[in-house]
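What follows is the residue order along each chain.
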Amino acid sequence: GAEIVSGWSDGRVRSFYPESGKLKFVINDAHVDGVTALAEVSRKTSSNSWTLITGGRDGRIRGWRITSSHQPMIFSIKEHRAAITALRVSNDATKVISASADGSCLCFCLET
């Protein structure tokens, strides 16, 4: 793959080149209390950008547009009352299902 993406308890998302282990990018302050889940929306071959979905200990779910030089947040929602424990993107890349330590699972659309 082109990169290895990981979420950290310090609230950052870090991406590394797999061959060298060198840092590719960092999203500082992705989540205040730590990143607890990650999901990638299928990459489009005609675009140089892709979408990363992150979940935090605070119950927030955020979306990030990832490019070679920028990683802006494109949405942030807070529907869970506890940490996000899992994120799954549907096969058609139109929905995300989130699970939380509060015992709930939610489904939301990525399309506007």
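As a reminder, the structure under discussion sits directly above these lines.
Quick notes on the rules
Residues numbered from 1 in each chain as written. Predicted model: local features only at pLDDT ≥ 70, side-chain atom pairs only at ≥ 80, totals over all residues. Heavy atoms only, no water. Pairing = 2+ DSSP bridges. Helix = DSSP H or I, 4+ residues; strand = E, 2+ residues; numbered from the N terminus. Axes fitted to C-alpha atoms, helices over the stretch in contact; angles between N-to-C directions. Polar contact = N/O pair within 3.5 Å; in protein donor to acceptor, adjacent residues only side chain to side chain.

## Re the sheet that holds strand β7 (residues 73-78)
Strand order in the open sheet formed by four strands is β4-β5-β6-β7, and the pairing between neighbours is antiparallel. One side of each edge strand has no neighbouring strand; the edge strands of this open sheet are β4 (35-40) and β7. When the angles between neighbouring strand axes are averaged without regard to direction, this sheet yields 20 degrees. Here β4 pairs with strand β5 (residues 50-56) via five bridges, running antiparallel. Bridge assignment links Leu38 to a residue of β5, and that residue is Thr54.

## Details of the side chain of Glu3
Tracing the backbone through its elements, the reader meets Glu3 in the segment before β1 (4-7). At 3.1 Å, the side chain of Glu3 and the side chain of Ser15 are in polar contact. Looking at Glu3, its side chain comes within polar contact range of the side chain of Lys24, at 2.9 Å.

Note that all results are geometric; they support no functional claim without further evidence.
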